[in-house]
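The chain contents come next:
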Amino acid sequence: MNIESLPAATRRAFEGAVRDWEENRKVRRFWARDSALWTGADESKWLGWLDIAQDKASRIDELSRFQEEVRKAGWSHALLLGMGGSSLAPEVLSKTFPRTQGLPRLRVLDSTNPEQIRAAEVEIDPARTLFIISSKSGTTLEPDILRRYFFSKAQGAVGAGKAGRQFVAITDPGSSLEETARGDGFSRIFHGDPAVGGRFSALSAFGLVPAALMGLDFRRLLESAERMRESCKREEALDQNPGAFLGLFLGILALAGKDKLTLIVSPKVAPLGGWLEQLVAESTGKSGRAIIPVDGEPLGPPGSYGDDRVFAYIRLDSEPEASQDSAVRLLENAGHPVVRSNLRDSLDLGAEFFRWEVATAVAGSILGIHPFNQPDVEASKIAARDLTAEFEKKGSFPKETPLCEEGEIGLYADSANWAALKAGARDKSLAGCLRAHVDRLRGGDYFALLAYLEMNPENERALGEMRNRIRDKTKTATCLGFGPRFLHSTGQAYKGGPGTGVFIEITADPAADLPVPGRKCTFGAVQLAQARGDFQVLLERGRRAIRLHLSRGVRQGLRDLRVSMEKAIR
């Protein structure tokens, strides 16, 4: 950490926080699960993850047996159906490590988008695929309807009486998913720990069961986490405590206005950024405060950033990227705060999971918030549930009329946002409205594209180009999220954090929809209900937000949007 480059007042605040934690034995209180370090509510009930790396002997035996069962079964693929904390750590592992000979290839599906579901389906043979239904509560909408869909596919492939053998559940004891799994004859049920929240569950069954079926050396993964755990218990010389020191640094900088945590991750372990997004945003984004994580934003020269940034460079020493090393040195030389973390190899991800969990919890203490709840996530779920119920009852959603329409792109907003656009627009074109919306960005703000589209490389590139142009033009931090995935991640911070975001939500009509077995709705209808519900809550919270609907198809719609965006920000 280049602490010496901080402004004098910020440096003094950080040094004071370190002294406070050392002199008042706050690390000891942290490990004693003292809720008074945070808000004095029920934080102590959610710290079971502190011991999760230590309690490994019995788990290793169970995971080893499961790994051998999977090997003997000869599955060609494994498809994990989950959302948020139940899917993001497995995604990191599946995208970081290669397939192990004799074990299935793992894919993670965390979307209600019909195209994304179909893309996963065509990759697998439903008769030779092991399906993992991962849901802590057992009531989360997305894994439930995905389970329905793929259970039906498995029944069609192997017969109704045999389909359950291809399914495994990971859930908390006594959940509705456990009941369903027993009724449908699932081959395995793995329990989570009720004292471990979803986003802190990477080293629990939610991360380790997928690691085992992939053939990873989960023992080494846990050993690296245990080494980090011991380091994070150090009470004196806090600069030797990797988790607490990082958390104090991030918390103090956020209070000083440097609250855009920009992630720079070595390419081999780049998927870690998505996991960190959820951990940091959902834990800190509430009560009008937040550390806003910025993942996937290409590195630019130091002058392309505002003074609200703090950079985290997670470097894989065994496979470093020279261009990242050079760019980070330039950022440090320019006085931007940078924190570094070095992984010897990919299995050090176990240590990095634990380090960031501790850091996030400590940062929550500095911010004075409850880092283990997510009070604003439920609002979007309720709105989506109500819209889905209306669709199932009437066969359609409430009618809406675009306020601006150009080609096949319609713009939607509430009266307050529409008035702001009309006041700032030079003309009534889509480009004019977009220009007025981007012009609402001020120092310390961030810009976010919220795309309820298929998360694929083509769409990521198209939207990434737009966010980068806005970053370079305005020096504003930019975020890109795909829905409904981000609802269980950064969505909490967007609604519960400070009102510093400027949002564009993007929706589209599905090219071809898919039915949800046992429901009077389709996946496309569910995703649109989630998008409209999310947008409704953003507006209720007074956020600067507009929605763009692409009715001509996603590829052409994004091309047209790019043209309008180029006109808006040139």
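Computed from a predicted model, the values in this text were never measured in an experiment.

*Asks:* Explain the packing of aromatic side chains to me, using residue names and the numbers behind them.
*Replies:* Under the counting rule described, the total for this entry stands at 26 aromatic pairs. An angle of 45° between the planes, with centres 6.3 Å apart, marks the rings of phenylalanine 486 and tyrosine 494 as tilted. With respect to burial, phenylalanine 486 and tyrosine 494 carry one shared label: buried. Each member of the aromatic cluster is reached from another via a ring pair, and the members are Phe30, Trp31, Trp38, Trp49, Phe200, Phe354 and Phe372.

*Asks:* Report on the sheet that holds strand E9 (residues 338–343), specifying residues and quantitative values.
*Replies:* One open sheet accounts for 4 strands, arranged E7-E6-E8-E9; its pairing is parallel. Each edge of the open sheet carries a strand with a single partner, namely strand E7 (292–294) and E9. Averaged over neighbouring strand pairs, the angle between their axes works out to 20° when direction is ignored. Against the sheet, helix H12 (residues 322–333) engages strand E6 (260–265), strand E8 (309–316) and E9, with an angle of about 150° to E9.

*Asks:* So what about the sheet that holds strand E11 (residues 409–412)? Which residues, and what values?
*Replies:* Spatially, E10-E11-E15-E14-E12-E13 is the arrangement adopted by the 6 strands of the open sheet, whose pairing is mixed. Only two strands of the sheet have a single partner each, and these edge strands are strand E10 (404–406) and strand E13 (477–482). When the angles between neighbouring strand axes are averaged without regard to direction, this sheet yields 15°. Bridge count for E10 against E11 is 3 bridges, and the pairing is antiparallel. In the sheet register, cysteine 404 faces E11, and the bridge partner there is leucine 411.

*Asks:* So what's going on with empty space enclosed by the protein? Residues and values would help.
*Replies:* Rolled over the atoms, a probe with the dimensions of a water molecule shows which regions are left empty. Summed over the entire model, instances satisfying the criterion amount to 2 cavities of 30 Å³ or more. Looking at the largest cavity, its volume works out to about 40 Å³. Around the largest cavity, the lining residues are Asp110, Ser111, Gln116, Met455, Phe482, Gly483, Pro484 and Arg485. Residue composition of the lining of the largest cavity, by class: 3 nonpolar, 3 polar and 2 charged. The computed volume of the second largest cavity comes to approximately 30 Å³. In this structure, the second largest cavity is lined by Leu250, Leu261, Val280, Thr284, Ile291, Ala359, Thr360 and Ala363. Taken together, the elements giving at least two residues each to the lining of the second largest cavity come down to helix H11 (272–284) and helix H13 (349–367). Among the elements that line the lining of the second largest cavity, the one with the most residues is H13, at 3 residues. Counted by class, the lining of the second largest cavity contains 6 nonpolar, 2 polar and no charged residues.

*Asks:* Explain the pattern of salt bridges residue by residue, including any values.
*Replies:* Opposite charge on two side chains allows them to pair when their charged atoms are near. Scanning the model with the defined rule gives 45 salt bridges in all. With a closest N to O distance of 3.1 Å, arginine 28 and glutamate 235 form a salt bridge. One end of the pair, arginine 28, is in helix H2 (residues 26–31); the other, glutamate 235, is in the loop between helix H9 (218–231) and helix H10 (242–255), and 207 residues separate them in sequence. Given a relative accessible area of 43%, arginine 28 falls into the partly exposed group. Classification of glutamate 235 as partly exposed rests on a relative accessible area of 23%. Ionic pairing is found between lysine 136 and aspartate 172, a salt bridge with its closest N-O pair at 2.7 Å. In this pair, lysine 136 sits in the loop between strand E3 (129–134) and helix H6 (141–158) while aspartate 172 sits in the loop between strand E4 (167–171) and helix H7 (176–183), placing the two residues 36 residues apart along the sequence. Like aspartate 172, lysine 136 is buried. Several salt bridges share partner residues, and in doing so they unite Arg33, Asp51, Arg229 and Glu230 into one network.

How each quantity is defined
- Residues numbered from 1 in each chain as written.
- Predicted model: local features only at pLDDT ≥ 70, side-chain atom pairs only at ≥ 80, totals over all residues.
- Heavy atoms only, no water.
- Phe/Tyr/Trp six-rings, centres within 6.5 Å; stacked < 30°, edge-to-face > 60°.
- Buried < 20%, exposed > 50% of the residue type's maximum accessible area, 1.4 Å probe, protein only.
- Pairing = 2+ DSSP bridges.
- Helix = DSSP H or I, 4+ residues; strand = E, 2+ residues; numbered from the N terminus.
- Axes fitted to C-alpha atoms, helices over the stretch in contact; angles between N-to-C directions.
- Contact = heavy atoms within 4.5 Å.
- 1 Å grid on protein atoms, 1.4 Å probe; cavity = no way out; pocket = protein on both sides within 12 Å on 5 of 7 lines; lining within 4 Å.
- Points joined across faces, edges and corners; volume = space filled by probe spheres on them.
- Nonpolar A, V, L, I, M, F, W, Y, C, P; charged D, E, K, R; others polar.
- Salt bridge = Lys/Arg side-chain N within 4 Å of Asp/Glu carboxyl O.

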